[in-house]
Amino acid sequence: MSLPAKMIPLLLLIVVAVVWGNTAIDTTQKLAAHSQQKASTTSDQSLNQQQAASLEGFNKMMDVLTHKRCVNCHPAGDRPHQGEDSHIHNFNVQRGPANMGAGALTCNTCHHEENNDLAGVPGAPEWSLAPLEMAWEGLTRVEIARSMMNPKINGGRDLKATVKHLTEHKLVLWAWEPGVDHEGNPREKPPVSKEDYIAAVKQWAENGAFIPEK
Amino acid sequence: MKISFNINGTAQTVDVDGETPLLWVIRDTLDLKGTKFGCGKAACGACTIHVEGMQTRSCAYPVKLAEGKNITTIEGLSQGDELHPVQQAWIEEVVPQCGYCQPGFMMATAALLNMNANPTDQDIDDSIVNVCRCATYYRMRKAIHRAAEIQNNNLLK
Ligand code: FES
Ligand code: FES
């Protein structure tokens with residue numbers, strides 16, 4: 001089939017128009033997309049920088065908070081854990097109504113304000129379990145962070161109070177002076193130094209207390 | 001280091017290393033031999049005494065913490081010649097076998113009765129976790145219930 005000669009210019013015109021039009025649409029879309037991307041890259045960059053700084057602090061902080069020195073006393077049940085293998089606390093020790101032991105067997109039947117390295121019994125001021133609402137055992141880092149930031153279950157703490165608790169409370173900082181066990185072996189410390197941990201908590205908080213999605 | 005406290009109703013001052021376990025001071029310095037050494041690791045309960053009425057493992061209690069406190073050992077459980085309900089119950093139920101662990105159990109029981117006048121079996125399981133190598137647990141449980149009965153109904157002889 002051949003086209004009549006007079007239709008050829010018309011067809012060419014249509015082709016040119018379509019190609020030009022598509023190119024124009026394409027260019028407009030690209031420009032729009034580019035400018036959008038530019039805008040979002042700029043804000044993402046500042047957000048990301050801040051988030052990245054916060055996230056860096058978060059990761060280091062969580063290396064500590066998920067360590068057994070912390071989680072042993074943030075159990076999900078009514079029994080504390082102990083030891084490097086986080087076994088259930090010997091001697092039928094239980095949470096009790098005030099998180100300080102059951103009945104006449106309170107934490108300070110054995111634990112006092114400081115470590116007792118002769119007996120291998122750890123101690124620090126306010127030695128007790130974290131309340132059940134603040135259980136960390138079995139939670140992911142993100143879940144721990146969310147629970148830590150939830151004033152309904154964190155003892156009504158705002159971010160400032162949470163940071164203070166995390167960086168100043170003697171029972172928290174005991175993790176870096178955990179003493180020796182009943183055989184005289186030093187207890188394992190968290191994998192980050194106390195100074196680096198405190199700096200990491202502050203870095204996390206001062207940059208927006210960013211909690212990643214997962 | 002000088003440390004002053006009240007033990008069995010008597011004021012005492014001792015001059016010892018503050019880290020010395022209170023158990024050592026009670027037995028060796030004050031010559032009160034009723035409180036026993038079992039493990040030295042806060043694990044067995046043989047050394048249980050009261051500090052301000054609460055059961056405390058004296059082997060894991062540095063004497064420096066005793067400053068200004070009221071301490072009771074098995075020797076101070078009774079008032080003069082009158083037995084404590086726990087002591088009477090222990091005699092009635094013929095609890096001890098070798099006897100080594102018994103002062104610790106009796107002090108733990110007295111501490112429980114101080115805060116719970118009618119302990120259930122569950123309360124006993126929760127609160128009394130000492131170790132008896134002669135396995136007198138069955139008789140002890142009966143004696144703890146009996147001690148509560150004696151205390152609540154004024155049945156002291
Ligand atoms: S001697 Fe103190 S608990 Fe065993
Ligand atoms: S009566 Fe022998 S250890 Fe208990």
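Residues numbered from 1 in each chain as written. Chains lettered and ligands numbered in written order. Predicted model: local features only at pLDDT ≥ 70, side-chain atom pairs only at ≥ 80, totals over all residues. Heavy atoms only, no water.

Participant: An account of the overall build of chain A is needed here, citing residue identities and associated values.
Facilitator: Across its full length, chain A carries six helices and four strands. Listed N to C, the secondary structure of chain A is α-α-β-β-β-β-α-α-α-α in terms of helices and strands. Taking all 214 residues of chain A together, the buried fraction comes to 35%. For chain A, the share of sequence-separated contacts (at least 6 apart) that also reach a separation of at least 24 residues comes to 58%. Total accessible area on chain A stands at roughly 12600 Å², and carbon and sulfur atoms take up 59% of it. (Helix = DSSP H or I, 4+ residues; strand = E, 2+ residues; numbered from the N terminus. Buried < 20%, exposed > 50% of the residue type's maximum accessible area, 1.4 Å probe, protein only. Contact = heavy atoms within 4.5 Å. Areas by Shrake-Rupley, 256 points an atom, 1.4 Å probe, with all protein chains shown as cover.)

Participant: Which residues make up the interface of chain A and chain B, and what values go with them?
Facilitator: Between chain A and chain B, the contact holds 18 residues from the first and 23 residues from the second. For the pair chain A and chain B, the interface holds one salt bridge. Here B:Lys64 ties to A:Glu114 by a salt bridge, and the two come within 2.6 Å at their closest N and O atoms. Taken together, the residues that form the side of chain A that touches chain B break down as eight nonpolar, nine polar and one charged. (Salt bridge = Lys/Arg side-chain N within 4 Å of Asp/Glu carboxyl O. Nonpolar A, V, L, I, M, F, W, Y, C, P; charged D, E, K, R; others polar.)

Participant: Lay out the environment of B:Gly38 in plain terms, naming residues and giving numbers.
Facilitator: Locating B:Gly38 in the fold gives a position in the loop between α1 (22-29) and β3 (48-51). Along the sequence, B:Gly38 and B:Leu112 sit 74 residues apart, while their C-alpha atoms lie 21 Å from each other.

Participant: Can you break down the nonpolar core residue by residue, with the values?
Facilitator: All names here are of chain B. Core analysis: the largest hydrophobic core is formed by 24 residues, its most contacted members being Val86, Trp90, Phe105, Ile128 and Met140. Listing elements by their share of this core, those giving two or more residues are α2 (85-92), α3 (102-115) and α5 (137-153). Residue contributions to this core peak at seven residues, all from α3. (Core = buried A, V, L, I, M, F, W, Y, C linked by side-chain atoms within 4.5 Å.)

Participant: Can you lay out unusual backbone geometry for me, pointing to particular residues and giving the numbers?
Facilitator: Trans is the prevailing form of peptide bonds, just as negative phi is the prevailing case for residues other than glycine. Residue and element names in this part refer to chain B. In the Ramachandran plot, asparagine 8 falls in the positive-phi region, its phi being about 50 degrees despite a non-glycine side chain. Position of asparagine 8 relative to the elements: it lies in the loop between β1 (2-7) and β2 (10-15). One non-glycine residue, alanine 135, lies in the positive phi region at around 60 degrees. On the basis of relative accessible area, alanine 135 is assigned to the exposed category, the value being 51%.

Participant: Which residues make up the pairing of β2(B), and what are the values?
Facilitator: All names here are of chain B. In the sheet, β1 pairs with β2 via six bridges, with the strands oriented antiparallel. Residue pairing for β2: isoleucine 3 is matched across the bridge by valine 14. Between the end of β1 and the start of β2, which pair antiparallel, lie two residues, with asparagine 8 showing a positive phi angle near 50 degrees. (Pairing = 2+ DSSP bridges.)

Participant: So what about the environment of B:Cys44? Which residues, and what values?
Facilitator: Residues and elements named next belong to chain B. With respect to the helices and strands, cysteine 44 occurs in the loop between α1 and β3. In sequence terms cysteine 44 and threonine 72 are 28 residues apart; their C-alpha atoms lie 19 Å from each other. Leave out the neighbours within four places in its chain, and cysteine 44 touches Gly38, Cys39, Arg57, Asn130 and Val131.

Participant: Please set out the packing of helix α4 (residues 159-168) of chain A against helix α6 (residues 194-206) of chain A residue by residue, giving values where relevant.
Facilitator: Residues and elements named next belong to chain A. Contact geometry of α4 with α6 gives a least axis separation of 10 Å together with a crossing angle of 170 degrees. Taken together, the axis directions place α4 and α6 in an arrangement best described as roughly antiparallel. Together, Leu159, Val163, Leu166 and Thr167 of α4 and Tyr197, Ile198, Val201, Lys202, Trp204 and Ala205 of α6 make up the contact between the two elements. A per-class count over the contact of α4 with α6 returns eight nonpolar, one polar and one charged. (Axes fitted to C-alpha atoms, helices over the stretch in contact; angles between N-to-C directions. Parallel < 35°, antiparallel > 145°, perpendicular 65-115°, else oblique.)

Participant: Help me get a handle on the packing of aromatic side chains, residues and values and all.
Facilitator: Two aromatic rings are characterised by how far apart their centres lie and by the angle between their planes. Residue and element names in this part refer to chain A. Tallied over the full model, the rule gives four aromatic pairs over all chains. Note on tryptophan 176 and tyrosine 197: the rings are 4.9 Å apart at their centroids and 35 degrees apart in plane angle, and the pair reads as tilted. Placement of tryptophan 176 in the loop between α5 (170-173) and α6 and of tyrosine 197 in helix α6 is noted, with a sequence separation of 21 residues between them. For the pair tryptophan 176 and tyrosine 197, a shared accessibility class is recorded, and that class is buried. (Phe/Tyr/Trp six-rings, centres within 6.5 Å; stacked < 30°, edge-to-face > 60°.)

Participant: Please set out the sheet that holds β2(B) residue by residue, giving values where relevant.
Facilitator: All names here are of chain B. Taken in spatial order, the five strands of this open sheet run β2-β1-β5-β3-β4, and their pairing is mixed. Edge positions in the open sheet fall to β2 and β4 (54-57), since each of these has one partner strand only. Within this sheet the neighbouring strands show an average axis-to-axis angle of 40 degrees, counted without direction. One ladder, built from two bridges, connects β1 with strand β5 (residues 70-72); its direction is parallel. The residue of β5 that forms the bridge with asparagine 6 is asparagine 70.

The values reported here are purely geometric and, on their own, carry no functional implication.
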